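Residues per chain are reported as follows:
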Amino acid sequence: MNAKLAWRYRITQVGTALVALAILVQITRIQNSVQAQAILDDTYRYEGEWTIFYPPRGEIFDRNGKLLAGNTIVYEVAVNLQEVENPHTIALATSVHLGLDYATVYDQITNPGAGVVSLVLDDYVSPDRINETKKLMDSLENETSGLGDANRPSLAGLTFNAHLQRSYPENSLASNILGYVNRELRGYYGIEEKYNDQLAGVPVTAWVPLNPNLVEEAPEIRPSATLVLTIDRDIQSAVEQILDESIGTYGAESGTILVMDPQTGDILAMASTPRLNLNEYWNINDIFPGETPFNRAISQAYEPGSVFKILTMASALDAGVVQPGTIFVDTGIFTYGGTNIRNWDGRAWGAQDMIGCLQHSLNVCLAWVATQLGAEDFYRYMQAFGLGHKTGIDLTGEISGRLKLPGDTDWYPVELATNSFGQGVSVTPIQMVMAASAIANKGQMVYPHLLKTIVQDGQVREITAPQIVGWPISEATARTLSEMLAISLENEASDALVEGYRVAGKTGTAQIPTPYGHYDFNQTNASFIGWGPVDEPRFMVYVWLEKPSASIWGSETAAPTFSRIVQRLVVLMDIPPDSVRLQATTGP
Amino acid sequence: MEKIKNLFQTYRQAVWRTQRQWIGLVLILVVVSVMVAGLYLNVTARTALAGRSIQAIREQITENELVNADLATEYANLTSTEVMEQRARTLGFRPVESNELIFLNVQGYLPKPDFRPAAAGQNPANNPLPPEYTESLLDWFGRYLVSSPLDGAQR
């Protein structure tokens, strides 16, 4: 090779190297330019997305494992604008199958606005309607894919994203207990609100890359808690059915029935009217107009009337002021605090022992008993029974009622006499049940509750064991009073009695106070509280019918309702008749 | 000086040989680069496939969870109180009355145990994968060093 040729080679080499260097410099410059960074930032948006992972809302079971609240699949219908081929077809299909407005959908797709890449057309759509749309989508695809026409009918771009929504298989059953969950996934009322945090779980926000090379470990989502309630679905159903029938039969405005295990505080059933189909919770304002309480058992206080006498008698017996055989001569009137107290029928019942006073529900007698006890002791006992305070039941919306105490500005001496038979004092049904549990349960007052177990990660996290919240009376007093109440029902041949089973209980007929300071004699709250079997109570039932029109008396409305409930309870709870049970206990 | 020049001349490579060596070197570099690139592409492609597979499995898991929840609720719908009562009545059944029941005293009978929900939704983190699936070679070696008794007398 001569020198001239070598020189040319050198020039070519240097030139090529310079060009290569220039290309490298340019590549580096472009890659690090502001525009490149903007493009990188822009592409980062499409590499993945920040997603909030919500654990499925925890299920709610009854005590026997029957699902009361679960989750079901629904769909979000969206449009991926980049894939849309024919907006007209999408608007038409969604208007026909999903009930959307054609013009609105068409306008949304054709004029999406700057930067919009997808649109949500509808949400919470049922699988049935989605399947219809999907079928149409498939048939269009099969029939028109080969046409090559730019305006061919197509649902390309329409997407369906499945997610869960709350579902209540029993519809309105136990609705007053359960509450509901709205579409913002927040629980309202009842168990759903009380245990919202546990049921909702902890959502996790994580970056989900679309680029498979960047796939990361899945975020750890702790499952939500599953709740097992003390409610028995079958008992709840029977109680609601009987309540509705009683309201119809006796022409009551509303009603409440509570069934509790007096030994554990487990609420077996809690029925109240009105009830809401929880799968259509948006009707709540129509079903609960004005200030109608969602659950009367905990949210409506009222003057209980004569069922309250069991607490007065329990206090007096426990204090030793009276004995079951103590004789009181009823003259039909008892004057105290400047007010005359009369019996429900205005009659004088003559000499009565304490059983007779309970059997005939004598206001005069019980007012006398309360005055023998004295205001200080009477109200001390009433407070020990938990009156005037919330029970703390695990439901939202509980109110405390009102127990006026000596020293309060609106308390007058006559209150002692009237309170003794349930006038001038307001309680909720759940308060009455808790207080009376002391009489049925050997003097031990139990905490009424609805949660039996919380289960999370397959582990039992919490068990609500029976809790004793007080000993307002002694075991001996409780047994004595239970016996007195059982005898009084038997002597009276009450409609509350159940063949084969010995029950104790008391009726109540309370006149309703008017806003003008006196009582309405034509409208009453009829109630009954009872338990059984007397020697070993397995159930306590509280019935409250508001303003029954067929009869104003608790003995003619609430008592037979109690009897009907007990007849179902002994079947559903497998409680044999007393004779069989005692024979099995004592042996042949 | 001439001797030295001759010596260099003797051992000097022919021009065509030097050029061939350079070409060979470049070719080797090219081949190595292509091999590295091929290997990189292969690994990247397999990673992408694995990632895509993971994404698909995750989607399947999510879908299965939704379907499971849906089926549990559907089952509850089919066995709800109202439905079961209706079916029972259609079949001619009616609620039994308390006085129609016959109770038998059965020695040793144990009542039904309390209901406990199945361990559905159990957190997989409670059952971690064994280290063979998670640790690197260095981790394994470190674990081996820590766990292996180095003192021969202890063996």
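Residues numbered from 1 in each chain as written. Chains lettered and ligands numbered in written order. Predicted model: local features only at pLDDT ≥ 70, side-chain atom pairs only at ≥ 80, totals over all residues.

## Digging into the domain arrangement of chain A
All names here are of chain A.
Here comes step 1: Per the domain assignment, the segments of chain A are domain 1 (52-201 + 216-229) and domain 2 (233-275 + 294-586).
Here comes step 2: On the domain 2 side, the residues contacting the 23 residues of domain 1 number 22 residues.
Here comes step 3: Breaking the side of domain 1 that touches domain 2 down by element, the ones donating at least two residues are helix 6 (175-178), helix 7 (190-194) and strand 9 (226-229).
Here comes step 4: Looking at the side of domain 1 that touches domain 2 residue by residue, the class counts come to eleven nonpolar, seven polar and five charged. (Domains from an automatic or database assignment. Contact = placed C-beta atoms within 7 Å. Helix = DSSP H or I, 4+ residues; strand = E, 2+ residues; numbered from the N terminus. Nonpolar A, V, L, I, M, F, W, Y, C, P; charged D, E, K, R; others polar.)

## Examining the interface of chain A and chain B
Here comes step 1: Facing 39 residues of chain A, the contacting portion of chain B comprises 33 residues.
Here comes step 2: When contributions to the side of chain A that touches chain B are tallied by element, the ones reaching two or more residues are strand 3 (67-80), strand 5 (158-167), strand 9, helix 9 (233-250), helix 19 (558-572) and helix 20 (578-586) of chain A.
Here comes step 3: Tallying contributions element by element places strand 3 of chain A first for the side of chain A that touches chain B, with five residues.
Here comes step 4: Here the side of chain A that touches chain B is built from residues that sort into 20 nonpolar, twelve polar and seven charged.

## Side note on the confidence of the model for chain A
Here comes step 1: Averaged over all residues, the pLDDT of chain A is 91; the fraction at 70 or higher stands at 98%.
Here comes step 2: Averaged pLDDT values over the elements of chain A bottom out at 79 in strand 18 (residues 459-463) of chain A and peak at 97 in strand 11 (residues 267-272) of chain A. (pLDDT = per-residue confidence, 0-100.)

## Quick notes on the pairing of strand 17 (residues 451-456) of chain A
Residue and element names in this part refer to chain A.
Here comes step 1: Of all the six residues making up strand 17, five are buried; the element is thus mostly covered by neighbouring parts of the structure.
Here comes step 2: Judged from the four bridges that link them, strand 9 and strand 17 form a sheet pairing that is antiparallel. When the sheet's bridge partners are listed, leucine 229 is paired in strand 17 with leucine 451.
Here comes step 3: Here four bridges tie strand 17 to strand 18, and the two strands are oriented antiparallel to one another. Bridge pairing in strand 18 places valine 455 opposite valine 460. (Buried ≥ 20, exposed ≤ 12 C-beta atoms within 10 Å, placed from the backbone. Pairing = 2+ DSSP bridges.)

## Comments concerning unusual backbone geometry
All names here are of chain A.
Here comes step 1: Note the cis peptide between threonine 273 and proline 274, where omega equals -5°.
Here comes step 2: With respect to the helices and strands, the residue proline 274 is situated in the loop between strand 11 and helix 10 (284-287).
Here comes step 3: Cis geometry is adopted by the peptide bond preceding proline 533, which originates at glycine 532 and carries an omega value of -20°.
Here comes step 4: Within the element layout of this structure, proline 533 appears in the loop between strand 21 (519-532) and strand 22 (539-546).
Here comes step 5: In this structure, aspartate 574 is a non-glycine residue whose phi angle is positive, near 55°.
Here comes step 6: Here aspartate 574 lies in the loop between helix 19 and helix 20.
Here comes step 7: For aspartate 574, a count of 11 C-beta atoms within 10 Å puts it in the exposed group.

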